[in-house]
Amino acid sequence: MVKFREYKQINYPEVGKEIRAFWENNNIFSKTITERSGEPSFTFFEGPPSANGTPGIHHVMARAVKDIFCRYKTQKGFQVKRKGGWDTHGLPVELQVEKELGITKDYIGKKISIADYNKKCKEAVMKFKGKWDELTRQIGYWVDLENPYMTFDAHYMESVWHLLKKLHEKNLLYKGYTVQPFSPAAGTGLSSHELNQPGTYQNIKDTSVVAQFKVKPTQQSAFLFDQEEEDVRILAWTTTPWTLPSNCALAVGDKIHYVKISTFNPYTYQPVSVILARELINKYFTEKANQIVLSDYQAGDKLIPWKLLNSFTGKDLLEIRYEQLMPYVTNDKLNEKGFRVISGDFVSTEDGTGVVHTASVFGADDFRISQQNNVPAVMVLDDQGLEVPLVDRKGCFVKEVTDFAGKYVREEYYPESVRQDPNFKPTDVLIAIKLKEENLAFKVEKYEHSYPHCWRTDKPILYYPLDSWFIKTTALKDRLVALNNTINWKPKSTGAGRFGNWLENLVDWNLSRSRYWGTPLPIWVTVDKSEKKCIGSIAELRTEVDQAVAAGLMSESLPENFDLHRPFVDDVILVSPKGQPMHREPDLIDVWFDSGAMPYAQWHYPFENQDLFNSNYPADFIAEGVDQTRGWFFTLHAISCLLFDTVAFKNVIANGLVLDKNGNKMSKRLGNAVNPFDVIEQYGPDATRWYMISNANPWDNLKFDANGILDVQRKFFGTLSNTYSFFALYANLDAFNFKNKAIAATEKTESDLWIISRLNSIVREVDQYYDDYEPTKAARAIQSFTVNDLSNWYVRLNRKRFWIGDYNQNKEVAYQTLYTCLHTIAQLMAPVAPFYAEKLFLDLNSVTKLSSDDSVHLAHFPVINEEAIDTELEARMRLAQLASSLVHSLRKKQKIKVRQPLRKILIPVLNEDEKNRLKKVEELIINETNVKTIDYLDDDAGILIKKIKPNFRTLGVKFGAQLKAITPKINSLIQTDIAQFENDGFFNIEIEGEMIELLLTDVEISSQDIPGWLVASMDGLTVALDINLSDGLKKEGLSRDIVNRIQNLRKDQNLEVQDKIDILYSTHDKLIKEAMEVHQQSIQQETQTKTILFNADLPNGISLDIDGAEIIIQLNLISYEK
RNA sequence: GGGCCUGUAGCUCAGGUGGUUAGAGCGCUACACUGAUAAUGUAGAGGUCCGUGGUUCGAGUCCACGCAGGCCCA
């Protein structure tokens, strides 16, 4: 006879290990996929982590979320393929290798070959793969770890090349420039990482200029002109005067307040009206000077008078045109679209004038807002006819800037000897002098600030336009936005706000990276840049190389297993259609393109697996951290939209962060990082997952506190396993195995029907929540059902059914009902707590074999039995719970223990419906509260005291402002008023001399009190309790006390539940003796006693105290009889 | 500086479409229960719903401006 497994206590980490072994030994994960062959597929994309660091606790969270929906969809009958993946390229890997080798980027290609360097990178990137895989298995995240995609794999890279070629064919790949840190002295660009090296930022003194930009009178600027001939100028500040010839726009802050001030130029003494931020007035003008009348001013006066004329916001200034400040280079395009005021989100009023001079090619902000506002750059054509900026790569002005041609823009670039010359003047100073003379400068001064320097040469860097390859994402911006609107984002705001706004302000995707370890850009160009080729596959490259061999440019064909990485691909020279040699563009592509390409590259699409790809694209679901919004979420979306005109994913959860328990970010440096392995080892995977999911929505930040896991263990898992243990204990005693068919509903008790109704309601609810990607709500609903409905109500009410008497149908119904609930809970909780759910499922099935599935994760999601849902019954039961709770509270107040039976409860009812409802749950209330009868008090007698209160919802609509007067009137109605109101169905009251009519729907009437009774009420239900005790009731109460004492004795003597006993007793208390005699039968039944005999002399008996009276009991175990 | 999120009891969190007495669990205190027992029940204490204005008969909820924390971007 197989029995249900019984446990003394549950060791949750052990459950994790045991079930993991079960899964691995029985290939359950792969069965969940193979057994769903032919079913519709639900597609999930795994966002690839980088395995060059160890996993953190937040990965447990992220992976739990992914896992939940994959398991759920499998339950719902879908086939859910899940390929693991690794992000292997990129800067972090390079940096780690450089740290390990103790080298800098300068060494690469010199002291270490690129080949060796990349070999190191390849080794380093998978350093912690073992740890990742182990954690993945420990937390039960089911994903194919055996055949993951790797972004450095040749097949993967080939697919990436294919995508790039498709982009090229669609004319979405182009070469342009971005503004990046550049060191003219070293002749090289600097990465943001190099800029973050210590010592890079140094304080230097620069010549700063506040320049005057003359406003053109137009319709937009009309409000700035008080007189026709007024000289209105916008003041803009710069610490890099050498960029002023390249000025193309002025940036203001939309919300910043600006003013127009009438004054005189301090260098030319000419009258002028200047515009600057209101907050910065006293930086340029003194209060004292404001006292002076403008017309009193004489050229050369020290104090320059000023007068505030006008005030407005940045928004008002937008699109105003001004005259070019230093017109060395200009053209029609510039005159048409340049030299206007635009909005800059970075503009502040901390320094300068609140207006920022913008030279699009010499500042990162400048470049961005110029692009966004369609402002052209100030450029000239070089010898080859290519557009170049006004400063060359050595840091000198080009010849077109006639006054300063050939001069270094920063004095630090001059040799020391030149700078020592007493007559030497830096270019910035020369520019400042010129501006002063031409009435173009308002203020010139030295300004000390922190500025980045090149770590190689120790000279200041420039922000400079450098060549880059771009994907023209802006060309399909509208489509990107439109498709995004079809994606179901969790939470919504991340999709509409964070991601949506990002798409609205999209700039082209800069693909180029000047690095070593990554996917090389597959573009070859001729030296004169007139011809180019984009290669889309290895085969294509092979063909091209053969042609190059034929042309004598290459010595041999491409070898088998050619590595597409640098440096090998750099050595490939192709031949152009015109017979010119072609060299590869040296850049690598952005690693984000790698990961965004995973839907295609993971299957080596289109070279292999076209069917697999077609049936698994786009993804139904992905989930990653919210920090991926502009990372993976974007690259997936962009590639998919640009090349396939579809979304890459239909549903997405953007997780929040996992913080420490105080809400601080976890970091290894602060020592507050939580090691996930320790947590799993200590608390087990299920409680950890359940805690993370049930505590807060995944998209909210989680304050991780291990105490929370303990709570979850105690509250949810403890209660659930207790309930199972309770079931197993008695089911084993009665040899219950669910072999008889399910008993009909007509044979069930009210509470059986109720819990099954609740169960079905909860199945529906949980299904809905999972389907809506609301794991937190699902987990909370399951927990609430388990703890509140099943354990605290159903089991509590039905305890006796399980352990009293012989096996009968009533008992069997109870077993079946409880079994069904536990079994269903196992299925519902399986996505969130896969291990324990499995254990519960297996333990239950081991005896009954009701389910043919080997695993809860192979079973289908519970089917809702709509007929079992009885909302009326659920409402009744709430009423019973409420009534019981009220009686308990009355007992409590009177200090009458529950064991003492009471005669009667009186419940006032307002109508027949309410009475019938209560009658149906009468038994339950009686049992739960230990009273003999319930009487119902109709209102006919008129003795109920009623309470009336306004129904603001209806009154508010009808009377609005009069409510303030009506409310106290209603509250002050007396009993006879209420009775009349109820009788007539309406009631008139006088408000400010006006009669108004109230209807019954305008108020809520409830019974409040019964004169002369002990009452309690809540939510409209009132109960009254009769606390008079008859002798009979007292004896019955005593008999229960006696049972209690005997049970304690049994426990003290370590008797098993099923052991039978005989009892001898003696007492001098008359009432106790009578109680023993009157209730002998029930005492015997409850305590498994065969015979009870009175015996005055019990030397070995145990003396017990019952409310001050003594009883001596001797208890003998009857040897077990077959 | 911009976008987005969060702010409700000591802690973790609920609070469609505005409705007057703001809830739950944990923790705390007291009592009860004692064959689910490392469980359970009942009651109590605990709140300027981040602040300030506004809309409204009525605001935790709607609007505006702030403050604090966080993420991303600059």
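Source: prediction; values computed, not measured.

Caption draft 1: Expanded view of the overall build of chain A. Along the backbone of chain A there are 38 helices and 40 strands. Taken against the 2.2 N^0.38 rule, which gives 32 Å for 1122 residues, the C-alpha radius of gyration of chain A at 42 Å runs more than 25% over that of a compact globule. Referenced to the eigenvectors of the C-alpha coordinate spread, the extents of chain A come out at roughly 130 × 95 × 50 Å. The proportion of buried residues among the 1122 residues of chain A is 54%. In chain A, of all internal contacts separated by at least 6 residues, the share reaching a separation of at least 24 is 76%. Within the structure as shown, chain A displays about 50,600 Å² of accessible surface, and the carbon and sulfur contribution to it stands at 48%. Treating the 132 positive side-chain charges of chain A as one cloud and the 150 negative ones as another, the clouds have centres 2 Å apart.

Caption draft 2: Seen up close, unusual backbone geometry. Here the residue pair Lys490 and Pro491 is connected by a cis peptide bond, since its omega of -5 degrees sits within 30 degrees of zero. Inspection of the secondary structure assignment puts Pro491 in the loop between strand 17 (488–490) and helix 17 (492–504). In this chain, Tyr605 is followed by Pro606 through a cis amide linkage whose omega measures 0 degrees. Assignment of secondary structure puts Pro606 in the loop between helix 20 (598–601) and helix 21 (610–615). With a phi angle near 65 degrees, Tyr269 is a residue other than glycine that sits in the positive phi range. With respect to the helices, strands and loops of the structure, Tyr269 is situated in the loop between strand 8 (257–264) and strand 9 (271–277). Even without being a glycine, Asn561 presents a positive backbone phi close to 50 degrees. When you line up the elements, Asn561 lands in the loop between helix 18 (538–550) and strand 22 (574–575).

Caption draft 3: Quick look at the side chain of Ser757. Within the fold, Ser757 resides in helix 26 (residues 750–771). Using a relative accessible area of 0% as the deciding quantity, one classes Ser757 as buried. Beyond its immediate stretch of four places on either side in the chain, Ser757 contacts Ala868, Ile869, Asp870, Leu873 and Glu874.

Caption draft 4: Highlighting the pairing of strand 40 (residues 1109–1117). With seven bridges joining them, strand 37 (residues 1061–1067) and strand 40 adopt antiparallel strand pairing. Bridging across to strand 40, Ile1061 finds its partner in Leu1117. One ladder, built from five bridges, connects strand 39 (residues 1102–1106) with strand 40; its direction is antiparallel. Paired with Asp1105 across the bridge in strand 40 is Glu1110.

Caption draft 5: Spatial organisation of the sheet that holds strand 23 (residues 581–584). Taken together, four strands build an open sheet; the order of strands is 21-20-23-22 and the sheet is antiparallel. Among the strands making up the open sheet, the edge pair consists of strand 21 (532–534) and strand 22.

Caption draft 6: Just the protein's contact with RNA strand B, in detail. In the vicinity of RNA strand B, 53 residues are found, and the nearest of them are Asp345, Arg498, Asn695, Arg899 and Phe952. The contact in question runs from a base oxygen of RNA strand B to an N or O atom on the side chain of Arg498, over 2.3 Å. Within the residue set of the surface near RNA strand B, elements represented by two or more residues are helix 13 (364–372), helix 17, helix 25 (706–733), helix 27 (775–803), helix 30 (871–894), helix 33 (952–959), helix 34 (963–971) and helix 36 (1031–1052). Taken together, the residues that form the surface near RNA strand B break down as twelve nonpolar, 17 polar and 24 charged.

Caption draft 7: Spotlight on the sheet that holds strand 3 (residues 173–183). With antiparallel pairing, four strands are arranged side by side in an open sheet as 4-3-16-18. Only two strands of the sheet have a single partner each, and these edge strands are strand 4 (188–189) and strand 18 (509–510). Looking at chain direction, strand 16 (residues 462–471) and strand 18 are connected through two bridges and run antiparallel. Its bridge partner being in strand 18, Ile471 is matched across the sheet by Trp509.

Caption draft 8: Just the packing of aromatic side chains, in detail. This model, assessed by the stated rule, comprises 67 aromatic pairs. Centre to centre, the rings of Phe285 and Trp306 are 5.2 Å apart; their planes meet at 35 degrees, and the pair counts as tilted. Placement of Phe285 in the loop between helix 9 (281–284) and helix 10 (287–290) and of Trp306 in the loop between helix 10 and strand 10 (307–313) is noted, with a sequence separation of 21 residues between them. Taking the centre distance of 5.0 Å and the plane angle of 40 degrees together, the rings of Trp489 and Phe499 count as tilted. Taken together, the positions of Trp489 in strand 17 and Phe499 in helix 17 put the pair ten residues apart, joining distant regions of the chain. Residues Trp489 and Phe499 agree in their burial class; the two are buried. Through a chain of ring-to-ring contacts, the aromatic side chains of Phe4, Phe726, Phe727, Tyr730, Phe736, Phe738, Phe802, Tyr815 and Tyr819 assemble into a single cluster.

Caption draft 9: Here's a closer look at the packing of helix 24 (residues 685–695) against helix 29 (residues 834–848). One way to put it is that helix 24 packs onto helix 29 with a least axis distance of 7 Å and a crossing angle of 120 degrees. Taken together, the axis directions place helix 24 and helix 29 in an arrangement best described as oblique. Of the residues in helix 29, those in contact with Pro685, Asp686 and Arg689 of helix 24 are Pro834, Phe835 and Tyr836. Tallied by class, residues from the contact of helix 24 with helix 29 come to four nonpolar, no polar and two charged.

Caption draft 10: The pattern of salt bridges, seen in detail. Counted by the stated rule, this structure contains 54 salt bridges. For Glu18, the salt bridge goes to Arg5, with nearest N and O atoms at 3.5 Å. A residue pair is termed long-range when its members are at least 10 positions apart, and Glu18 in helix 1 (residues 12–26) and Arg5 in the segment before helix 1 qualify at 13 residues. Of the charged contacts, one joins Glu400 and Lys399 as a salt bridge, the two residues approaching to 3.6 Å between their closest N and O atoms. Under the relative-accessibility criterion, Glu400 is labelled partly exposed at 25%. Judged by its relative accessible area of 61%, Lys399 falls in the exposed class. Members of the salt-bridge network, linked through shared partners, are Glu46, Arg63, Lys66 and Glu624.

Caption draft 11: Examining empty space enclosed by the protein more closely. Here the structure, examined in full by the defined rule, presents three cavities of 30 Å³ or more. Put simply, the largest cavity is a space of about 60 Å³. Taken together, Glu46, Arg63, Gly84, Gly85, Trp86, Asp133, Thr136, Val143, Asp144, Leu145 and Pro148 make up the full set of residues lining the largest cavity. Listed by contribution, the elements that provide at least two residues to the lining of the largest cavity are strand 1 (83–86), helix 6 (129–138) and strand 2 (144–150). Partitioned by chemical class, the residues of the lining of the largest cavity number four nonpolar, three polar and four charged. Approximately 50 Å³ is the volume attributed to the second largest cavity. Together, Thr43, Phe44, Lys81, Arg82, Lys83, Gln602, Trp603 and Asn616 line the second largest cavity. Counted by class, the lining of the second largest cavity contains two nonpolar, three polar and three charged residues.

Caption draft 12: Structural view of the nonpolar core. Formed by 128 residues in total, the largest nonpolar core has its most connected members in Phe4, Trp690, Phe704, Phe717, Phe727, Tyr770 and Met829. Here Phe727 is in contact with Phe4, Phe736, Tyr815, Leu818, Tyr819, Leu822 and Leu844, once residues within four sequence places are set aside. Counting residues in each nonpolar core, the second largest holds 75 residues, with Leu224, Ile320, Met326 and Val398 among its members.

Caption draft 13: Representation of the side chain of Lys260 in the model. Its location among the elements puts Lys260 in strand 8. Within polar-contact distance, the side chain of Lys260 engages the side chain of Asp226 at 2.8 Å.

Caption draft 14: Looking closely at the confidence of the model for chain A. In the predicted model, chain A carries a mean pLDDT of 85, and the fraction of residues at 70 or more is 97%. Note on the complex model: pTM 0.82, ipTM 0.86.

Caption draft 15: Molecular detail of helix 37 (residues 1070–1078). Among all positions of helix 37, only Ile1072, Glu1074, Ala1075 and Met1076 are buried. Residues of helix 37 that are buried in the fold lie against helix 36, strand 37, helix 38 (1080–1086), strand 38 (1089–1094), strand 39 and strand 40. N-cap assignment for helix 37: the residue whose side-chain oxygen lies 3.1 Å from the backbone N of Leu1071 is Asp1069.

Caption draft 16: Region of the structure containing a nonpolar patch on the surface. Judged by side-chain polarity, Leu729, Leu733 and Val1057 come together as a nonpolar surface patch covering roughly 200 Å² of accessible area. Residue class for Val1057 comes out partly exposed when judged on its relative accessible area of 36%.

Caption draft 17: Expanded view of the state of the cysteines. Counted according to the given criterion, the structure contains zero disulfides. Cysteine Cys534 remains unbridged, with the sulfur of Cys641 as its closest cysteine sulfur at 20 Å.

Analysis parameters
- Residues numbered from 1 in each chain as written.
- Chains lettered and ligands numbered in written order.
- Predicted model: local features only at pLDDT ≥ 70, side-chain atom pairs only at ≥ 80, totals over all residues.
- Heavy atoms only, no water.
- Helix = DSSP H or I, 4+ residues; strand = E, 2+ residues; numbered from the N terminus.
- Rg over C-alpha atoms; globule rule 2.2 N^0.38 Å.
- Buried < 20%, exposed > 50% of the residue type's maximum accessible area, 1.4 Å probe, protein only.
- Contact = heavy atoms within 4.5 Å.
- Areas by Shrake-Rupley, 256 points an atom, 1.4 Å probe, with all protein chains shown as cover.
- Lys, Arg positive; Asp, Glu negative; His and termini not counted.
- Charge placed at Lys NZ, Arg CZ, Asp CG, Glu CD.
- Pairing = 2+ DSSP bridges.
- Near = heavy atom within 4 Å.
- Polar contact = N/O pair within 3.5 Å; in protein donor to acceptor, adjacent residues only side chain to side chain.
- Nonpolar A, V, L, I, M, F, W, Y, C, P; charged D, E, K, R; others polar.
- Phe/Tyr/Trp six-rings, centres within 6.5 Å; stacked < 30°, edge-to-face > 60°.
- Axes fitted to C-alpha atoms, helices over the stretch in contact; angles between N-to-C directions.
- Parallel < 35°, antiparallel > 145°, perpendicular 65-115°, else oblique.
- Salt bridge = Lys/Arg side-chain N within 4 Å of Asp/Glu carboxyl O.
- 1 Å grid on protein atoms, 1.4 Å probe; cavity = no way out; pocket = protein on both sides within 12 Å on 5 of 7 lines; lining within 4 Å.
- Points joined across faces, edges and corners; volume = space filled by probe spheres on them.
- Core = buried A, V, L, I, M, F, W, Y, C linked by side-chain atoms within 4.5 Å.
- pLDDT = per-residue confidence, 0-100.
- Patch = residues over 30% accessible without salt bridge, like charges linked within 9 Å, V, L, I, M, F, W, Y side chains within 5 Å.
- Disulfide = S-S within 2.5 Å.

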